[in-house]
Each structure stands twice: as structure tokens, then as C-alpha cells.
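Descriptive analysis of the structure
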Amino acid sequence: MLGYLETWRAPDLRHPVLDQDRLNRRYRQLLAVGLVLLASLVSLWKLDRDASSWRDETVSYAVAKRSLDELWLLVQNIDAVHGLYYLLAHLALGVWDDGVLTLRVLSMLGTLTAVLGVHAIGTRLGDPATGFVAGVAFLCVPQVQFYAQEARSYALVSAAVVWATWFFVRALQDGRQRWWAGYAGLLLLGGWLHVFALLVILAHAVTLWHSGHLRRLGRRWLLVIAFVGCAVAPLAMVSAGQASAQLDWLGRPGLQDWLGFVVPAAVAVALGVLLHRRGEDAARAVTLPAIGVPLLVVPAGFLLTVSFVHPWYVDRYVLYCMSGLALLVGQALRYWQRILRVEAASERRRRKLYATVAVAFALFLALGPWYWQMRSAASRTDTVESYWGLTATVPGDPEAVLFQPARRRAWVLARPAVFGPLDDIALQQTPAASGTLYGVEAPPDVIRQRMLQHREINVLRDRPGQPLDDTPAEITKRAVLREHYQLCWVIPVNGGESAIFIRRDAAATNPLCAPGRDIYS
């Protein structure tokens, strides 16, 4: 397609300069429009994910539905790192409230903006075709598509970081004040959307040094970074104070995390070396390898290293790093296209073309099922909708429910009306009133007393084999169920289960607890 467009835009011209400029502009516009349409179609494809959502998304929705006063109370206690996102989500839901789908549309728009940013960088440091291919490559990254349909902040963070990088490139090229101002503004936005967005500063520092601009522009860059650092420092300090409570579920990076970093990093470095040796853009002040390699390697590598001491690494926190790989892939494929076009021997050209098609088809076969699977309910840790109908409430007699652990209360937060009135045994203060994500539970002795008042308890909990929380409240729940109740019925669902416990003094007469009965039937 690119070859056809390039041929179409180069006819015999009556006014060579004016007509060529007009055709070049139209060519760039066609590529940009095509990229927008492609990104929109890919992001909208099964956006509702078979009418399902998972617990992180329901937390986003439930928090965004709170009043501004309740949001302010929340970020003082927990999740301040997502405070700006919750505010944007609150405003979006005020315009159009269609549940988590509204928040997924925000992520879709963030992904579309990031794709256009990658296209803009590739066009600036290469040509329109390079930018187009880089944008498509970014869109093809599985993680990018995954979070394009997630009601969380990571797609918006990627958009802010990618466009901050574009302003950084412009500032390196001509140094005008407006580019530095735009760079500072986008970094500020990214930092307030998620503090780890500012790890891109480390990548930009490497680019500044490698491109030979450190002496000429280093002072201006440091002034911008100092301003952004001071502006984001309050959020960073509050988030650091909340990190132990918010990230206690994270462990140190495992083999899968390291492979997910090392393999793309090795590809990026190899492409960077190859493009440098081939002299691609060697005459430019800033090159795509100088931008792409540090952008992919430095932020994620730094966070992985820090996670040896503080386990803070999750790939979505540095999702924007994949834009660096996309830029390198875009330039490499553009370089390969030029090789095919200038190949003199028709037979050699045909073999190379066949090899290119074969590789593209193999990638499609490898990634296609992945793209399909990530748009299914089973692709997430759990499915909130699978818990609908698992509670049996009659007027005036709410069912006794216990959540194990307490954070599984997220399953009912977004749509409490679906479950009807529930007797949440352990709950002392609601999430909104307490300024927390999952509410405040009663002291262990109170939980024990409340549990023993019920002959039957519906326990909504994780599947067996999951790590057990060692808080006093959770220890008490497990002890009371073990000593005074009998497990009589289990309904497994995606990511958890509903377990019916009958008090032992009533189990003998309850048909659910009949001897020999399969508890999963």
C-alpha cells in the first residue's frame, strides 16, 4: 500500500514545487487518517468483552462514581497515584455513564492518541511511511491492545509519555521555547496520571547524552526536569507513603517478567545497531535508534532493578516503553521496503518478497489467537458478572455474606443493586465513607461474634491455592469457619467461588450437607 501511495503522489507536475508540496501533504494526511481508522477499528473490536468486566475495572468505576469530596478523602488514604485518572473518569461518567464501557472508551482514546504520537515521532525522524509503519507496529503490540480495552489509566499514561517524547525531539531539533513548554506540560500530565511515567526522563537523559546535545541543551533540559519534579513531588511523596499498603500484593520479578523485558530489549538493541551501521538517518541531529532504544530499555530496566529491593515492577506501569520498540520496527521495515524496491534481480526480489510475506503470516498465526483471547472474559483474572445471581436475598432477610479476602468486596462495588440487600458480616464502614477502596472491616472479635449468629454464610472467596492474607481479620474468618462451620456447597466461577458454609449444629438437618454429597454438584 505504501508503495502504491508513493507512486501515486509522484506524477508529472505542472508546478513542481507547489504541487509536490500539496501531494506530500495529502499523502501524509491519508496515512494519518488510515492509521486513525485502523486504530479505532482494532480498539473497538469487542470493546464490551462479551459484556464482562473484572475487579480492577469495577474499582475504577465504583471510585469514579463517588463525589468529589469522597474522591479527595480516598486519595489521602490510598491510591493517590491514580487520583487524576479517577477525576477524569468521574467527569467522563458525568457526561455518559454506561458502566465500565465508558472508561474503556477513555482508554481507547488514549491508545489512539499514543498511536498518533508514535506516528508523529516516526514521521519527524524518518518519513511519513516510517511513522505509519511505527504506529501500526505499536498498535500490534499485544499489551497495547490489552490496555486499550481496560478501564484503567495506563493507555492515557502512554499517550502523555509518547507526546512528551515528541516535544522532546522537537526541542532537541530547534530548541524553541514552545517545545520545552509542551515537553514540560506533557511530562507533568503523565506524572500526575502515574508517577512511574516520569521514568521516561531517564530514557531522555540517555538520548540527550548519546545525541551529543548534553553540553548545548543540558541546562534547559535540567530546568524542565526540575520544574516537573517539584510539581509532581507532592504526589510522589504521598504515593510513596501509600506504597506498602497498595503494592503489598507484588512479589519480586519472576522469569516471565525478565523474559518480557529481555527479549524485546535484545530485539531493540539489535535493530538499533543494524540501523546505525546501515547509516540510516546518520546525518540527523536525533535518530530513531537514539530515541527508541533508551525508551524501551531504560525505564523498564530501572524499575526491574529497583524491584530487587522494592517489588514495584508490573509491565503495565511502563507500557509506554513499547513505543520505543515500535519506532525501531517502523524504521527497520521501511528500510527493508527500500531494499525490495531497488533490488535489480527480479528472482532475488521475488524470494525476498515471499520471505517477507511468510514472516508476516507467521506473526499473524502467532499473535492472532492472542488478540482474540484477550477480548474474552477469560483473559482477565476474574469476571465480576459471574457472581451475579450467586446470592439469594429475600425481602426483609438479606443473605449473610463474607468476603475472603476483604478486597474481594470489589466484586459487588460497581453494581450492588444486582446482588440485592446483603448482610456484609465483616463490614464496619463502607468504602466511600471510610475513604478506602474496599471498606473498613470490624475488629476480629466483632467479626467472630457476627459470624456465629448465622446458621448459613455465603463466602465469596478466591479459588483454593491462592496466597492467604495474614491480617488478624482474615485469620479470624478462617478460624471460625474451620471450627464452627461445615463447607456444604461450592459454585466455582472465573477467578473465584461462592462457598456455602452451614453451622455445624444445623448441618445434620440441612440437605446440602448430606453425607456423601458432592459439594460441587
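Structure report, in brief. (Residues numbered from 1 in each chain as written. Predicted model: local features only at pLDDT ≥ 70, side-chain atom pairs only at ≥ 80, totals over all residues. Heavy atoms only, no water.)

1. Description of a nonpolar patch on the surface
On the surface, Leu-68, Leu-87, Leu-88 and Leu-91 cluster together into a nonpolar patch covering about 340 Å² of accessible area. Ranked by residues supplied to the nonpolar patch, first place goes to helix α5 (residues 83-95) with three residues. Mapping Leu-68 onto the fold places it in helix α4 (residues 68-77). (Patch = residues over 30% accessible without salt bridge, like charges linked within 9 Å, V, L, I, M, F, W, Y side chains within 5 Å. Areas by Shrake-Rupley, 256 points an atom, 1.4 Å probe, with all protein chains shown as cover. Salt bridge = Lys/Arg side-chain N within 4 Å of Asp/Glu carboxyl O. Helix = DSSP H or I, 4+ residues; strand = E, 2+ residues; numbered from the N terminus.)

2. Thoughts on the packing of helix α9 (residues 154-174) against helix α10 (residues 177-193)
Two elements in contact, α9 and α10, have axes separated by 8 Å at closest approach and are oriented at 160°. With respect to α10, the element α9 is oriented roughly antiparallel. The way α9 lies across α10 gives a crossing that is left-handed. Together, Leu-156, Val-157, Ala-160, Trp-163, Ala-164, Trp-166, Phe-167, Phe-168, Arg-170, Ala-171 and Asp-174 of α9 and Arg-178, Trp-179, Trp-180, Gly-182, Tyr-183, Leu-186, Leu-187, Leu-189, Gly-190 and Leu-193 of α10 make up the contact between the two elements. Tallied by class, residues from the contact of α9 with α10 come to 16 nonpolar, two polar and three charged. (Axes fitted to C-alpha atoms, helices over the stretch in contact; angles between N-to-C directions. Parallel < 35°, antiparallel > 145°, perpendicular 65-115°, else oblique. Left-handed = near helix turned anticlockwise from the far one by under 90°. Contact = heavy atoms within 4.5 Å. Nonpolar A, V, L, I, M, F, W, Y, C, P; charged D, E, K, R; others polar.)

3. Brief notes about the side chain of Arg-55
Within the secondary structure, Arg-55 sits in helix α3 (residues 55-64). For Arg-55, a relative accessible area of 15% corresponds to the buried category. A polar contact is formed between the side chain of Arg-55 and the side chain of Asp-382, at a distance of 2.9 Å. (Buried < 20%, exposed > 50% of the residue type's maximum accessible area, 1.4 Å probe, protein only. Polar contact = N/O pair within 3.5 Å; in protein donor to acceptor, adjacent residues only side chain to side chain.)

4. Thoughts on the pattern of salt bridges
In total, this model carries 19 salt bridges according to the counting rule given. Here Arg-408 makes a salt bridge to Asp-462, at a shortest N to O gap of 2.5 Å. Taken together, the positions of Arg-408 in the loop between β1 (399-404) and α17 (410-413) and Asp-462 in the loop between β5 (456-461) and α21 (472-484) put the pair 54 residues apart, joining distant regions of the chain. Assigned by exposure class, Arg-408 and Asp-462 land together as buried. A salt bridge links Glu-441 to Lys-477; the shortest N-O distance between them is 3.0 Å. Of this pair, Glu-441 sits in strand β4 (residues 440-441) while Lys-477 sits in helix α21; the two residues are 36 residues apart in sequence, bridging distant segments of the chain. Residues Glu-441 and Lys-477 agree in their burial class; the two are buried.

5. Some remarks on unusual backbone geometry
Of note, the amide linkage connecting Gln-404 to Pro-405 takes the cis form, showing an omega dihedral of -10°. If you trace the backbone, Pro-405 turns up in the loop between β1 and α17. Not every positive phi belongs to a glycine, and Asp-79 is a case in point at roughly 65°. Within the fold, Asp-79 resides in the loop between α4 and α5. Given a relative accessible area of 3%, Asp-79 falls into the buried group.

6. Considering the pairing of β5
Counting buried positions over the six residues of β5 gives five, a clear majority of the element. Across four bridges, the pairing between β1 and β5 is parallel. Within β5, the position partnered with Gln-404 by the bridge is Arg-461. Two strands pair when backbone bridges link them, and β5 and strand β7 (residues 496-503) are joined in this way by six bridges, in the antiparallel orientation. Residue pairing in the sheet places Asn-458 in a bridge with Ile-500 of β7. (Pairing = 2+ DSSP bridges.)

7. Overview of α5
Taking 1.5 Å per residue, 13 residues should reach 18 Å; α5 reaches 19 Å between its end C-alpha atoms and fits that length. Elements that come into contact with the buried residues of α5 comprise α3, α4, α6 (100-125), α9 and α10. (Expected span 1.5 Å × (residues − 1).)

8. Examining the packing of aromatic side chains
Going through the model one piece at a time under the given rule, you end up with 15 aromatic pairs. When the centroid spacing of 4.9 Å and the interplanar angle of 65° are considered together, the rings of Phe-146 and Tyr-147 count as edge-to-face. The burial state of Phe-146 is the same as that of Tyr-147; both residues are buried. With a centroid separation of 5.7 Å and an interplanar angle of 75°, the aromatic rings of Tyr-147 and Tyr-154 are classed as edge-to-face. The exposure class assigned to Tyr-147 is buried, which follows from its relative accessible area of 8%. Look at Tyr-154 and you get buried, because its relative accessible area is 5%. Members of the aromatic cluster, connected to one another through ring pairs, are Phe-146, Tyr-147, Tyr-154, Phe-196, Trp-312 and Tyr-317. (Phe/Tyr/Trp six-rings, centres within 6.5 Å; stacked < 30°, edge-to-face > 60°.)

In short, shape yes, function no, at least from these values alone.
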